[in-house]
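# Overview (structure and organization)
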Amino acid sequence: MRKKMSAPSELYCWKGERGLPSVDPDCLTVLAYAKFAGAPLKVHKIANPWRSPTGSLPALKTSEDGSLSQPHKIIIHLRKQKYNADYDLSAKEGADTLAFISLLEEKLLPALIYAFWVDSKNYVEVTRRWYAENIPFPLNFYLPTRMHSHALDRLRLVRGDSGLEPGDEAEKELYRDAYECMTLLSQRLGTQKFFFGDFPSSLDAYVFGQLAPLLKVKLPNCKLQQHLKSLDNLCHYCSHILDLYFQNEASDGPARKAPTPREDGSDFDNEPHKRRNQFLSVLVALGAMVGYAFLTGIVSIQRSDPHNALHGRRAPQLAGDEVDDEDGE
Amino acid sequence: MSLAAEAFVSQIAAAEPWPENAALYQPLKDDQILLSDHASSLAVQAYLRMCNLPVQVACRANAEYMSPSGKVPFIHIGNQVVSELGPIVQFIKAKGHSLSDGLGEVQKAEMKAYMELVNNMLLTAELYIQWCDENTAKEITRPRFSSPYTWPLNHVLAYQKQWEVRRKMKAIGWAGKTLDQVYEDVSQCCQALSQRLGTQPYFFNKQPTELDALVFGHLFTILTTQLTSDELGEKVKNYSNLLSFCRRIEQNYFEDHDKDSITSSTSHLSKGSSLM
């Protein structure tokens, strides 16, 4: 495979957590594909989608073709640059890839979106909290809610069900399709290392991208996770890819995973922001208190002329003289 | 349907044999039905014929509104109504007829995956071409969709449906695609299907399955429908094994029953008649 020598393209994606290189399934797919195909990419892990060249993540900034955003387009671009993980696949395997990717998108992705974004408990305790903590101020008040309503809209439109509310009915149907999909994937994978033999391909990137967050992120309310954990070969498959290709991310994981004994550590990690935020908040509080005091007149500064100051100094003397006089008489 | 309701329905379904007066409802054949709806309807008809289950096709202008899920076609069996190919296959399976029982697990996984491929790529492409391509929408889709209604309802309904479809395209990321890219996707999908089919008579060798019915429904409709340009049909015609596949199913399942049902439905949609 002749590799084109050019300035490495830059990939912007969501940062990761708990051993995952990224929390977003699309970003994971692109990262995995880049590793599988050996594409040299400069990866920027950020938590602010407005800093990416296209306004959304993942985004690939290339030297010639501008910026691309969907994982599908990014993978096609990498393939054109001769970084092709599907080079060795037969025609039938290529066809199977397309079919299984469609299966993932139709059956598993809606359930994932539901589990992370629509299910109330998961959304409030895990997803929204993570995004609010990691997106810089002031976007962290606005973006998670917008992403939530986006996800809800998408689910409603895709299912053609304008009355979708987080609730048992919808959840059961979505999860049932997802269980079936995961079972089918497990059957197709069998005991192989990757879906098409010993080397990973783009299908592996897509499957990994969707299953890895489900495996690693602890959701309070998740039957999907339980079902996935019951499919041993898929769990081993994801862990295998993480160990093999994302080794350095995995070693950062434990440091963040145990916050209590290493609390100082994590504080130091976030220190620049945290200190600055603390300082700013104290300043704002002080300023508010002082301003209030002045406005209501509890404290007042009177500007005194040199003139008045002298009079002011004399006045007590006069009062004192009067008193003396009074005493005297 | 919730899981409990579904279990209940399948129990009832299993109890009764296939009635004689089963009916399949779709929009009006000549004037109203659109490419995507016709493809879905033909797929269900093909599946029923493959299972040897008789059904009468009834055309109604409000079929879309009668359907429990809002999508056509739907079948009316006894006192139950089931819409869309997936649930219909399940329903028929509960009655004891199934075409995919003989498949191994890996093959079943592949079959489901390829059915999703057709739904994901071909059906979405059909919807895109009908509703998001302004030319086609103006000349063919909107007039056909609103033909049973009088003014001003026809305009209202047509634009409402168009808006809905465009929103869906935006949500799944197809709004940014150009028509050429959509044709390219159709071509890729056909290539995948062609490679999977190879030289076999059906996708899983000797016996047809629901995948064959679905693929036939879509490809046959694409080949025999006249749109503003012939490019969609040309993309499919590039693959000769797909053409012979469609011909084979048409011959085996549609010609020895009444020829009218399929050719009359297509002759109004297209200038030519059947594939021959």
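Described in the following lines is the structure provided in the data block. Just so it is clear, the structure is predicted and the values come from calculations on it, not from any experiment.

### So, the overall build of chain A
Looking only at helices and strands, chain A has 12 helices and 4 strands in total. Relative to its full complement of 329 residues, chain A shows a buried share of 41%. Long-range contacts, defined here as pairs at least 24 residues apart, represent 71% of the contacts in chain A between residues at least 6 apart. A total of about 18,400 Å² of accessible surface is found on chain A, and carbon and sulfur atoms cover 53% of it.

### Describing the overall build of chain B
Helix and strand counts for chain B stand at 12 helices and 4 strands. Counting only residues that meet the buried cut, chain B has 54% of its 276 residues in that class.

### Examining a negative patch on the surface
Residue and element names in this part refer to chain B. Residues Asp180, Glu184, Asp230, Glu231 and Glu234 make up a contiguous surface patch of negative charge. When residues of the negative patch are traced back to their parent elements, those giving at least two are helix 8 (179-197) and helix 10 (231-237). Tracing the backbone shows Asp230 in the loop between helix 9 (210-224) and helix 10.

### Some thoughts on the nonpolar core
Membership of the largest hydrophobic core comes to 165 residues, with the highest contact counts inside it found for Trp14 and Leu224 of chain A together with Ile75, Phe216 and Phe245 of chain B. For this core, the leading source of residues is helix 3 (residues 91-118) of chain A, giving 17 residues. With residues near it in sequence (within four places) discarded, Leu224 of chain A still touches Ala111, Leu112, Ala115, Tyr175, Ala178, Tyr179, Met182 and Leu214 of chain A. Of all hydrophobic cores here, the second largest spans 6 residues; its members include Tyr25, Ala58, Ala63 and Phe74 of chain B.

### Quick notes on the sheet that holds strand 2 (residues 42-46) of chain A
Residue and element names in this part refer to chain A. Taken together, the 4 strands give an open sheet; going across it, the order is 2-1-3-4, and neighbouring strands pair in mixed fashion. The open sheet has two edge strands, strand 2 and strand 4 (67-68), and neither has a second partner. The sheet contacts of helix 1 (residues 25-37) involve strand 1 (10-14) and strand 2, and relative to strand 1 the element is tilted by about 145°.

### As for the pattern of salt bridges
Residues and elements named next belong to chain A. What the rule picks out here adds up to 13 salt bridges over all chains. Two residues, Asp96 and Lys92, come together in a salt bridge whose shortest N-O distance is 3.2 Å. One end of the pair is Asp96 and the other is Lys92, both in helix 3 and 4 residues apart, which spans about a single turn. Under the relative-accessibility criterion, Asp96 is labelled buried at 1%. Look at Lys92 and you get partly exposed, because its relative accessible area is 33%.

### Observations regarding the pairing of strand 4 (residues 80-83) of chain B
All names here are of chain B. Looking at chain direction, strand 3 (residues 74-77) and strand 4 are connected through 4 bridges and run antiparallel. The partner of His76 across the bridge, within strand 4, is Val81. Where strand 3 folds back onto strand 4 in an antiparallel hairpin, the turn is made up of 2 residues, including Gly78, whose phi is positive at roughly 60°.

### A short note on the packing of aromatic side chains
All chains considered together, the criterion is met by 17 aromatic pairs over all chains. Centre to centre, the rings of Tyr25 of chain B and Phe74 of chain B are 5.1 Å apart; their planes meet at 15°, and the pair counts as stacked. Here Tyr25 of chain B, found in strand 1 (residues 23-26), pairs with Phe74 of chain B, found in strand 3; they are 49 residues apart in sequence, far enough to count as distant. Each member of the pair, Tyr25 of chain B as well as Phe74 of chain B, carries the same accessibility label: buried. On the basis of an interplanar angle of 25° and a centroid distance of 5.5 Å, the ring pair of Phe216 of chain B and Phe254 of chain B is categorised as stacked. Here the residue Phe216 of chain B occupies a position in helix 9, and Phe254 of chain B occupies one in helix 11 (residues 240-254), the gap between them amounting to 38 residues. Its relative accessible area of 0% is what places Phe254 of chain B among the buried residues. Pairwise contacts between aromatic rings join Trp14, Trp117, Tyr123, Trp130 and Tyr131 of chain A into one cluster. In this arrangement the basic side chain of Arg167 of chain B is found over the ring face of Trp163 of chain B, its NZ or CZ atom lying 5.1 Å from the centre. Here the guanidinium or amino end of Lys177 of chain B rests over the ring plane of Trp174 of chain B, the centre of that ring lying 4.0 Å away.

### A closer look at the interface of chain A and chain B
Counting residues at the interface gives 26 residues for chain A and 25 residues for chain B. Between chain A and chain B, a total of about 2,500 Å² is buried, with carbon and sulfur atoms accounting for 58% of that surface. Linking chain A with chain B are 4 salt bridges, by the criterion used here. With a shortest N-O distance of 3.6 Å, Glu116 of chain B and Lys107 of chain A are connected by a salt bridge. It is helix 3 of chain A that provides the largest number of residues to the side of chain A that touches chain B, a total of 12 residues. Partitioned by chemical class, the residues of the side of chain A that touches chain B number 9 nonpolar, 3 polar and 14 charged.

### Regarding the sheet that holds strand 1 of chain B
Residue and element names in this part refer to chain B. Read from one edge of the open sheet, 4 strands run 2-1-3-4, paired in mixed fashion. Two strands in the sheet have a free side with no partner beyond their single neighbour: strand 2 (56-59) and strand 4. When strand polarity is set aside, the average angle formed by the axes of neighbouring strands in this sheet is 25°. Across 3 bridges, the pairing between strand 1 and strand 3 is antiparallel. Each residue of the ladder has a partner; that of Tyr25, found in strand 3, is Phe74. Against the sheet, helix 2 (residues 35-50) engages strand 1, strand 2 and strand 3, with an angle of about 165° to strand 1. Across the face of the sheet, helix 4 (residues 85-94) comes into contact with strand 3 and strand 4 while running at roughly 135° to strand 4.

### Examining the packing of helix 9 of chain B against helix 11 of chain B
Residues and elements named next belong to chain B. Closest axis-to-axis distance for the helix 9/helix 11 pair is 10 Å, and the angle between their directions is 105°. Taken together, the axis directions place helix 9 and helix 11 in an arrangement best described as roughly perpendicular. Touching Asp212, Val215, Phe216, Leu219, Phe220 and Leu223 of helix 9 are Leu242, Leu243, Phe245, Cys246, Ile249, Glu250 and Phe254, all from helix 11. When grouped by side-chain class, the residues that make up the contact of helix 9 with helix 11 number 11 nonpolar, no polar and 2 charged.

### Quick look at helix 2 of chain B
All names here are of chain B. The end-to-end C-alpha distance of helix 2 is 22 Å, a good match for the 22 Å that 16 residues give at a rise of 1.5 Å each. Along helix 2, 16 of the 16 residues are buried, which leaves the element largely enclosed by surrounding structure. Backbone geometry just after helix 2 places Asn52 at a positive phi near 65°.

Analysis parameters
- Residues numbered from 1 in each chain as written.
- Chains lettered and ligands numbered in written order.
- Predicted model: local features only at pLDDT ≥ 70, side-chain atom pairs only at ≥ 80, totals over all residues.
- Heavy atoms only, no water.
- Helix = DSSP H or I, 4+ residues; strand = E, 2+ residues; numbered from the N terminus.
- Buried < 20%, exposed > 50% of the residue type's maximum accessible area, 1.4 Å probe, protein only.
- Contact = heavy atoms within 4.5 Å.
- Areas by Shrake-Rupley, 256 points an atom, 1.4 Å probe, with all protein chains shown as cover.
- Patch = residues over 30% accessible without salt bridge, like charges linked within 9 Å, V, L, I, M, F, W, Y side chains within 5 Å.
- Salt bridge = Lys/Arg side-chain N within 4 Å of Asp/Glu carboxyl O.
- Lys, Arg positive; Asp, Glu negative; His and termini not counted.
- Charge placed at Lys NZ, Arg CZ, Asp CG, Glu CD.
- Core = buried A, V, L, I, M, F, W, Y, C linked by side-chain atoms within 4.5 Å.
- Pairing = 2+ DSSP bridges.
- Axes fitted to C-alpha atoms, helices over the stretch in contact; angles between N-to-C directions.
- Phe/Tyr/Trp six-rings, centres within 6.5 Å; stacked < 30°, edge-to-face > 60°.
- Lys NZ or Arg CZ within 6 Å of the ring centre and 35° of its normal.
- Buried area = accessible area lost by both parts, 1.4 Å probe.
- Nonpolar A, V, L, I, M, F, W, Y, C, P; charged D, E, K, R; others polar.
- Parallel < 35°, antiparallel > 145°, perpendicular 65-115°, else oblique.
- Expected span 1.5 Å × (residues − 1).

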